[in-house]
Each structure stands twice: as structure tokens, then as C-alpha cells.
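# Report on the structure
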Amino acid sequence: MDVHGTVAEGFEPVRDAFVRNFETLGERGAAVAVYRDGQRVVDLWAGTKDVDGTAPWERGTAQVVRSATKGVAAAVLLLLHQRGQLDLDAPVGHYWPEFKARGKERVLVRHVLNHRAGLPVLDRPLTPEQALDPLRGPEAVAAQTPAWEPGTDHGYHALTYGWLVDELVRRVTGQGAGAWLAAQITGPLGLDLWLGLPDAEAGRVGRAGRVEGPEPAGGLRARPKRSVTEAYEDPASLTRRAFAAITPFPDQNDPAYRAAALPATNAIATADGLARFYATLIGDTAGAARLFAPETVALARAEESAGPDRVLVVGTRFGLGYMLHGSASPFLTPGSFGHPGRGGALGFADPETGVAFGYVTNGFRKTVTADPRAQGLVRAVRGALGLQT
């Protein structure tokens, strides 16, 4: 396997783990980047650009990162709060009056970020065409009745999270989340990370698809326990309905899908772009001052929701907009915060060690929150730092 890129002294185990992903876990094309204290210490890529192709993955090849998008979108709301433009404890309806219908008057902005809004499903799923319309998703969520009393329990808002975030950003700033992100964060920082892919960057993005491989050792496994399997198979379950809020799900290789901005699912990034994004949340990087004040970092990683998840049917932990380290989604240390993408991608930051991590792939597995390829790389980083593995 020809692996390209560099690792700093002491981080050679990450390269070894990256090679193993190709040799034993069915990796087709991928990249990983790690920053420590604002400096890049791992920058590796290998394989093919397209999951079903032969052209090589190159420096700058990007991929859709699925739900790792949520951690990127969360930064927009938290920065608006940090700047005094958004109150996390205000009702969503304060900014978005049409939202207050059907028992949602007490849904707070905080509930959107911690998955306690009670709105993981749509009674009338959107078609792919409707989902790409920036108005239709928010309209559907505003018309939806909560599945439980908002604020009383948590359940992963797999797709509806994006419409909730996007409309809040639009009501506060006049821009959608993707446009605000580009203008305020990724553009000024020069990050290879987009929520709404520009036409000029389309040629850099690889074709993604499903791949098979050995079962992971942890997280939501390819052969999960019976209760999880039954939840995904039952058309009436919150699990099945949450992931079916768009039916059928759009082709993630479709240029129209990539050009749209769906803050729950369709950010496109290089591994370096994702890792440097998280590095800049927690500290200064080359040419850029940190984005999150210490108080905002505390908001991101303070536990807001924990325990049995009404949608994922396993125990999950959330801060404000971010998954937290736990059995369903292991990160570097208990203080890490970030977000996985279903079937592969992962981005997170760990303030205690100063580490930021980004992994992207063109081959999506059956895993939901803990892909074995990403987890192998995280364990290697942990080992390189001398942390307990």
C-alpha cells in the first residue's frame, strides 16, 4: 500500500494503523489528519479517489462526511451565542415564530443542540427534491408535532437537526448555515470544508459508496443486539422514521445534493480541513486565532443528554451540538467533543491534550457511530501520546 504524507516523530503508530485499515478492514480510499497544539503532526492519504475507481487519492481529495456535519454546524450556533446574537435558553419560536405551532412553544435553542427537542421524525417525509429546497425542510419541522415532551428526554435528530439549525441561523443572520460558515469560518481560515459545495471545487470530491469489512469491536456494531436490529427494521419505530425523514435518501454523489446545504448530513471536507476546523475551535493555529472562548468550549462538552437514546436505542452522550466520549462513540479522552459520520468519517477535539482529529473515507460501512477504521486510528493517537489505550 502506497501511503502518502507525513507523520511527526512519535506518531508513527498512526501510519501503521492507517495501513492496517487498507490491509485488513477493506479501506478503498481515505485520509487522516491530526493536529496537536495547533501544529499538524499527522497528514496521510492513500487508495483511490472514488470508491469504485482507479484514480489515486491525492492531497486535497475531499469526501462527504455525513453526520460529522453536525459538529461543524453546531459551531455556527455556538459562535452566534458567543457573539451575543443568540440566546441558548430562548424559545426557538422567539426567533422563528412559525415554529411555535403544535406544542413546540417550549422548545429551546438548547434543545435543538442537545437532541431534546422531541422532533426527530416527520409524519410526512420529504422527497429528495423537497429536501434540497432550503425552505421545505424548515416548513415541515415547523408543522410537526413533537414525539415527546420537549426537554424531557433525548433522541438523535438524524436529519431534522439540520433544518432546525439552518433556519435558526437564517432567522438570526439572514444567511443559511452554509453561507454563514463560508463567510465567517471556513473562507477566512482557508479550510477545505464546505456546507454547500462550490462548483469550482466539485472536481476534488471523490465518489463514495458502501463497502464491506469485518465487524467492529465496539459502538453500534454491524450485528447489533436484537433491540437495535428490531428498531431499525420496524417501520413505525422512531429509529426507522428518523432516518427516513427524507425518503428515499438522496444520492450523495449527485452534484445537486453536494451543492445544497443540509447541516445534518452533507458537509464535504478533506481530513485536514476537518481536523484544522476542530484545532481552531480549541486553540490558535498557524495564522488563525482560536474560535471558541473557553466558556464556549465548556458549553460544547458539558453533558446535556445521557443514557438510552430514543432513536439510536443505545446509550449516547451529547453536549451542545456535539457527541461526547462514551461507549457508543469513543473519542480520545473523556473530555473530547466531536461528531462521527455514519459509516466512517470522524472529527473531534480534545482540549486537555490539545489534539484535533479528522478522518474521511469514500467507503461507508454499516456502522453508525464507531467505525473500526476511525477507532483504530484514534487508539493509535492515544498510544502515541502515552495515554491508556
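Below is a summary of the structure that appears in this document.

Calculation notes
Residues numbered from 1 in each chain as written. Predicted model: local features only at pLDDT ≥ 70, side-chain atom pairs only at ≥ 80, totals over all residues. Heavy atoms only, no water. Axes fitted to C-alpha atoms, helices over the stretch in contact; angles between N-to-C directions. Helix = DSSP H or I, 4+ residues; strand = E, 2+ residues; numbered from the N terminus. Contact = heavy atoms within 4.5 Å. Nonpolar A, V, L, I, M, F, W, Y, C, P; charged D, E, K, R; others polar. Core = buried A, V, L, I, M, F, W, Y, C linked by side-chain atoms within 4.5 Å. Buried < 20%, exposed > 50% of the residue type's maximum accessible area, 1.4 Å probe, protein only. Pairing = 2+ DSSP bridges. Phe/Tyr/Trp six-rings, centres within 6.5 Å; stacked < 30°, edge-to-face > 60°. Lys NZ or Arg CZ within 6 Å of the ring centre and 35° of its normal. Polar contact = N/O pair within 3.5 Å; in protein donor to acceptor, adjacent residues only side chain to side chain.

Another point: the packing of helix 7 (residues 160–173) against helix 8 (residues 177–189). Between helix 7 and helix 8, the shortest axis-to-axis distance is 8 Å and the interhelical angle comes to 65°. Counted together, D166, V169 and T173 of helix 7 and A177, G178 and W180 of helix 8 form the full contact between these two elements. Across the contact of helix 7 with helix 8, the residue classes tally to three nonpolar, two polar and one charged.

Turning our eyes to something else, we now look at the nonpolar core. Across soluble globular proteins, you tend to see nonpolar side chains buried next to one another. The biggest cluster of nonpolar side chains holds 119 residues, and the ones touching the most others in it are L281, Y322, F337 and F357. A per-element tally of this core places helix 2 (residues 69–82) first, with nine residues. Residues L197, V205, I268 and F364 belong to the second largest nonpolar core, which totals eight residues.

This part takes up the pairing of strand 8 (residues 305–308). Pairing geometry for strand 8 and strand 9 (residues 315–318), over four bridges, is antiparallel. Paired with G307 across the two strands is T316, which belongs to strand 9. As consecutive antiparallel partners, strand 8 and strand 9 are separated by six residues, and within that stretch V313 has a phi angle of approximately 60°, a positive value.

The next subject is the sheet that holds strand 4 (residues 63–64). Reading across from one edge, 4-7-5 is the order of the three strands in this open sheet, with antiparallel pairing throughout. The strands lining the two open edges of the sheet, one partner per strand, are strand 4 and strand 5 (193–194). As paired strands, strand 4 and strand 7 (residues 268–269) are joined by two bridges and run antiparallel to one another. The partner of V64 across the bridge, within strand 7, is I268.

Quick look at unusual backbone geometry now. Peptide bonds are mostly trans, and most non-glycine residues show a negative phi. T247 connects to P248 through a cis peptide bond whose omega is -10°. Examined against the element boundaries, P248 turns out to sit in the loop between helix 10 (238–243) and helix 11 (255–259). Even without a glycine there, the phi angle at R66 is positive, about 50°. Note on placement: R66 falls in the loop between strand 4 and helix 2. One non-glycine residue, R102, adopts positive backbone phi at about 60°. Looking at the element boundaries, R102 is found in the loop between helix 3 (92–95) and helix 4 (109–113). Under the relative-accessibility criterion, R102 is labelled exposed at 54%.

Following the criterion strictly, the structure yields twelve aromatic pairs and no others. For the pair F277 and Y278, a centre-to-centre distance of 5.2 Å together with 85° between the ring planes defines the contact as edge-to-face. With respect to burial, F277 and Y278 carry one shared label: buried. Centre to centre, the rings of F348 and F357 are 5.1 Å apart; their planes meet at 15°, and the pair counts as stacked. Residue class for F348 comes out buried when judged on its relative accessible area of 1%. Taken together, the ring pairs in this structure connect Y156, Y232, F243 and F318 into an aromatic cluster. Positioned above the aromatic ring of F364 is the side chain of R66, whose terminal nitrogen or guanidinium carbon lies 3.9 Å from the ring centre. Its guanidinium or amino end placed over the ring of F99, K104 lies 5.2 Å from that ring's centre, counting from NZ or CZ.

With respect to the helices and strands, T333 occurs in the loop between strand 10 (323–324) and strand 11 (337–340). Beyond its immediate sequence surroundings of up to four residues, T333 is in contact with H325, D350, T353 and L387. Polar side-chain contacts of T333 include one of 2.5 Å to the side chain of D350.

Looking now at the side chain of T296. Within the fold, T296 resides in helix 13 (residues 294–301). Residue T296 is classed as buried on the basis of its relative accessible area, which comes to 3%. Among the polar contacts made by the side chain of T296, one reaches the side chain of Q82 at a distance of 2.6 Å. Leaving out residues up to four positions away in the same chain, T296 has contacts with L78 and Q82.

Attention now goes to the pairing of strand 11. Residues F337 and H339 of strand 11 are buried on one face, and the alternating residues G338 and P340, pointing to the opposite face, are buried as well. For strand 10 and strand 11, the ladder comprises two bridges, and the chain directions are antiparallel. For M323, the partnering residue across the bridge sits in strand 11 and is G338. Two strands pair when backbone bridges link them, and strand 11 and strand 12 (residues 346–350) are joined in this way by four bridges, in the antiparallel orientation. Bridge assignment links H339 to a residue of strand 12, and that residue is G347.

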